[in-house]
Amino acid sequence: MCRLFLLILFICWSAFASSQSFLYLKKLGGKQAIIYKEGDEIRFQMKDNEHFAQGIIESFGEDHFVIHETIVKLSDIYRYDIRGISNNNFNYRFSSNTLIFAGGILPLAELANQQVSGSGENKGIHGSVWTASGLLVAGGLLLKWLEPKYFKPGWKRKATIIQK
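For every chain, the first residue of the written sequence is number 1, and numbering continues from 1 along that sequence. Reporting in this predicted model follows two pLDDT cut-offs: at least 70 for local features of residues, and 80 or more for side-chain atom pairs to be given and counted; totals over whole chains, interfaces and linings ignore these cut-offs and use all residues. To get the side-chain values, take all heavy atoms of the structure and skip hydrogens and water.

## Describing the side chain of Ser-133
Turning to step 1, where the next piece is worked out: In this description a helix means any DSSP run of H or I spanning at least four residues, a strand means any run of E spanning at least two, and both kinds are numbered starting from the N terminus. Relative to the assigned elements, Ser-133 resides in helix α3 (residues 127-146).
Turning to step 2, where the next piece is worked out: Think of it in three bands: with a 1.4 Å probe and only protein chains considered, a residue is buried below 20% of the maximum accessible area for its type, exposed above 50%, and partly exposed in between. On the basis of relative accessibility, which here comes to 6%, the residue Ser-133 falls in the buried class.
Turning to step 3, where the next piece is worked out: Here a polar contact is recorded for every N or O atom pair within 3.5 Å, except that within protein the pair must consist of a potential hydrogen donor and a potential acceptor, and residues adjacent in sequence are included only if both atoms are side-chain atoms. Engagement of the side chain of Ser-133 in a polar contact is seen with the backbone oxygen of Gly-103, the distance being 2.3 Å.
Turning to step 4, where the next piece is worked out: Contacts between residues were defined by any pair of non-hydrogen atoms, one from each residue, lying within 4.5 Å. The contacts of Ser-133, once residues within four sequence positions are left out, are Gly-103, Gly-104, Leu-106 and Pro-107.

## Remarks on α3
Turning to step 1, where the next piece is worked out: Compared with an ideal rise of 1.5 Å per residue, which puts 20 residues at 28 Å, α3 spans 28 Å between its outermost C-alpha atoms and is within 8% of the ideal.
Turning to step 2, where the next piece is worked out: Those residues of α3 that sit buried are Val-129, Ser-133 and Gly-140. The buried residues of α3 occupy one face: seen down the axis, they fall within an arc of 30°. Opposite the buried face of α3, by more than 90 degrees, sit the exposed residues Leu-135 and Trp-145. In this analysis, the expected span of each helix is defined as 1.5 Å times one less than the number of residues it contains. Throughout, the arc means the angular range of directions from the helix axis out to the C-beta atoms.

## A look at the side chain of Asp-81
Turning to step 1, where the next piece is worked out: Assignment of secondary structure puts Asp-81 in strand β7 (residues 77-81).
Turning to step 2, where the next piece is worked out: Classification of Asp-81 as buried rests on a relative accessible area of 7%.
Turning to step 3, where the next piece is worked out: Polar contacts involving the side chain of Asp-81 include one to the side chain of Arg-43, which spans 2.4 Å.

Everything listed is a geometric property; what it means functionally is a separate question.
Next up, the structure:
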């Protein structure tokens, strides 16, 4: 009976300890989201200021968060800087790096394939391989260029604080 009580107490304590508020940036209709928790660093631009503010989130309220003992309302924020965030799902960094890497490896793989297959003399890399390689690298660079740098709340993009 004592073990059962301790087990129930531990489960209740762990549920209480894991409950935490967070800032949730999401594009409506999309699956991507950015989550800021207490202790995370955030960089944003206020509507009445052209410079960006930066700080560590200390706590959350219903419609605001606190940085350096200053209350920042979500309605006063013009845009969030989302560059360099590890949980940023809006970027295409993995896809773009993969395409660039594949474009660089493709000619080398063609040379290795010619050596292994023993097709006689080394004919060099075929023009279609160079074309495919160039398209992969160009596609990767295009994705890097299209990667969003800022999250601007508006009609389709919402910033909300979720209380747990």
